Amino acid sequence: MSTERRTPLDRKRVADTALKLLNETGLDGLTLRAIATALDVKAPALYWHFKDKQALLDEMATEMYRRMVAGAVLDPADTWVRRLTVMNRSLRAALLGYRDGARVFSGSRFTGVDHAVEMEQNLALLTGAGFTLVQAVRATTTAYSYTIGFVVEEQAVKPLPDERTAGYDLDERARLLARFPLSAEAGTELFDRHDEGFEEGLALIVAGVGVRYGVS
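Residues numbered from 1 in each chain as written. Predicted model: local features only at pLDDT ≥ 70, side-chain atom pairs only at ≥ 80, totals over all residues. Heavy atoms only, no water.

Explanation requested: the nonpolar core in the structure shown.
General note: in soluble globular proteins, nonpolar side chains tend to be found buried as a group. In terms of nonpolar packing, the biggest core is built from 29 residues, with Leu22, Ile35, Leu56, Met60, Leu95 and Phe105 touching the most fellow members. Elements with a contribution of two residues or more to this core: helix 1 (11–29), helix 2 (32–39), helix 3 (53–69), helix 4 (80–95), helix 5 (101–105) and helix 7 (133–157). A total of seven residues in this core trace back to one element, the largest contributor, which is helix 3. Those residues in contact with Leu95 that sit more than four places away from it in its chain are Met64, Gly101, Ala102, Phe105, Ile148, Val151 and Gln155. Formed by 16 residues, the second largest nonpolar core is a distinct cluster that contains Ala139, Val206, Val209 and Val215. (Core = buried A, V, L, I, M, F, W, Y, C linked by side-chain atoms within 4.5 Å. Buried < 20%, exposed > 50% of the residue type's maximum accessible area, 1.4 Å probe, protein only. Helix = DSSP H or I, 4+ residues; strand = E, 2+ residues; numbered from the N terminus. Contact = heavy atoms within 4.5 Å.)

Spelled out as C-alpha cells, the structure:
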C-alpha cells in the first residue's frame, strides 16, 4: 500500500487546477470531470467544495482577482481619471492571461470580501473628487462593463495572445465585402488593432463620465 501523502483537496487547489485547465480547454471544455481527473480524485469529491459549476466559476473569478491585485498598491495621489484608466487596463491585462478569461469573470460573484478593500478606496477617491456615491458606482461599473465586453469580443478573435481563431482572415473578409468599401476597411479596426481600440474606447468612456457628471 502506498504511503505517499496527497496534498489536501481544498477550494484553492481546485480553482488553481481549473484555471490551469481553462487555458487548455476553454470554458466550454472545462468540466468537473476533467478537473477531477487532473486532481486524481473522483468527480463527487469536488461537490464537497462546490455545489455546481457556477460556484466553481465564482471561485475561479475570485482567484483571478486575487492574482491581479497581489502586490499592487493603489496610488493615493491618483486622480479619478487615472484610477479608472489604470484599473481597467489592469483588468484587461489580467483577463487576457486566461483563455475565455472575460467569460469566466463576467457574471461571477466573488466568494469573499477581498475585493472590498480596493472597491472602498476607489469609491472614496471618486466621491472625494466630487461624484455622488451613485455617480461613482455608475462610473466604475460602466467602465468595468466596457472592459469585460471588449475582452469577450477580443478573445473571440484571439483566445490567447499568440492565437487567432479560424474565420477571422481580414483579406478574405475584405474580398467578401468588396461592394462595401468602408465596412471592408473597418475590419482592421474591428478585428486586429485591439490595444489601440481598447485605449481609445476607455478614453471615450472616462471623458464621457466627466462631461456627464460635470467633474473634471
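It is not clear to me how the pattern of salt bridges should be interpreted in this structure. Could you clarify?
Two side chains carrying opposite charge are able to pair once their charged atoms lie near each other. Throughout the structure, instances matching the rule amount to 20 salt bridges. Asp16 is paired through a salt bridge with Arg67; the nearest N and O atoms lie 2.8 Å apart. Within this pair, whereas Asp16 is found in helix 1, its partner Arg67 is found in helix 3, the two being separated by 51 residues in sequence. Given the relative accessible area of 24%, Asp16 is considered partly exposed. For Arg67, a relative accessible area of 37% puts it in the partly exposed group. (Salt bridge = Lys/Arg side-chain N within 4 Å of Asp/Glu carboxyl O.)

In this structure, what is going on with helix 4? I would like to understand it.
Look at helix 4: 23 Å from first C-alpha to last across 16 residues, which is about the 22 Å you get at 1.5 Å a residue. Burial in helix 4 covers these residues: Trp80, Arg83, Leu84, Thr85, Asn88, Leu91, Arg92 and Leu95. Buried positions along helix 4 lie against helix 3, helix 5, helix 6 (114–128), helix 7 and helix 11 (194–213). (Expected span 1.5 Å × (residues − 1).)

Can you help me understand the packing of helix 4 against helix 7 in this one?
Packing of helix 4 against helix 7 brings their axes to within 10 Å, and their N-to-C directions diverge by 30 degrees. What the angle tells us is that helix 4 and helix 7 run roughly parallel. Of the two elements, helix 4 crosses helix 7, and the hand of that crossing is right-handed. Of the residues in helix 7, those touching helix 4 at Leu84, Asn88, Leu91, Arg92 and Leu95 are Ala139, Thr140, Ala143, Tyr144, Thr147, Ile148, Phe150, Val151, Glu154 and Gln155. (Axes fitted to C-alpha atoms, helices over the stretch in contact; angles between N-to-C directions. Parallel < 35°, antiparallel > 145°, perpendicular 65-115°, else oblique. Left-handed = near helix turned anticlockwise from the far one by under 90°.)

How do you make sense of the packing of aromatic side chains when you look at a structure like this?
Here the distance between the centres and the angle between the planes together describe a pair of aromatic rings. By the definition in use, this model includes eight aromatic pairs. Centre to centre, the rings of Trp80 and Phe131 are 5.0 Å apart; their planes meet at 80 degrees, and the pair counts as edge-to-face. Here Trp80, found in helix 4, pairs with Phe131, found in the loop between helix 6 and helix 7; they are 51 residues apart in sequence, far enough to count as distant. For the ring pair Tyr146 and Phe198, a centre distance of 5.6 Å and an interplane angle of 20 degrees mean the geometry is stacked. Note that Tyr146 is positioned in helix 7 and Phe198 in helix 11, a separation of 52 residues in sequence. Grouping residues by exposure puts Tyr146 and Phe198 together as buried. Taken together, the ring pairs connect Tyr65, Phe105 and Phe110 into an aromatic cluster. (Phe/Tyr/Trp six-rings, centres within 6.5 Å; stacked < 30°, edge-to-face > 60°.)

In short, the description is geometric, and any link to function would need to be established separately.
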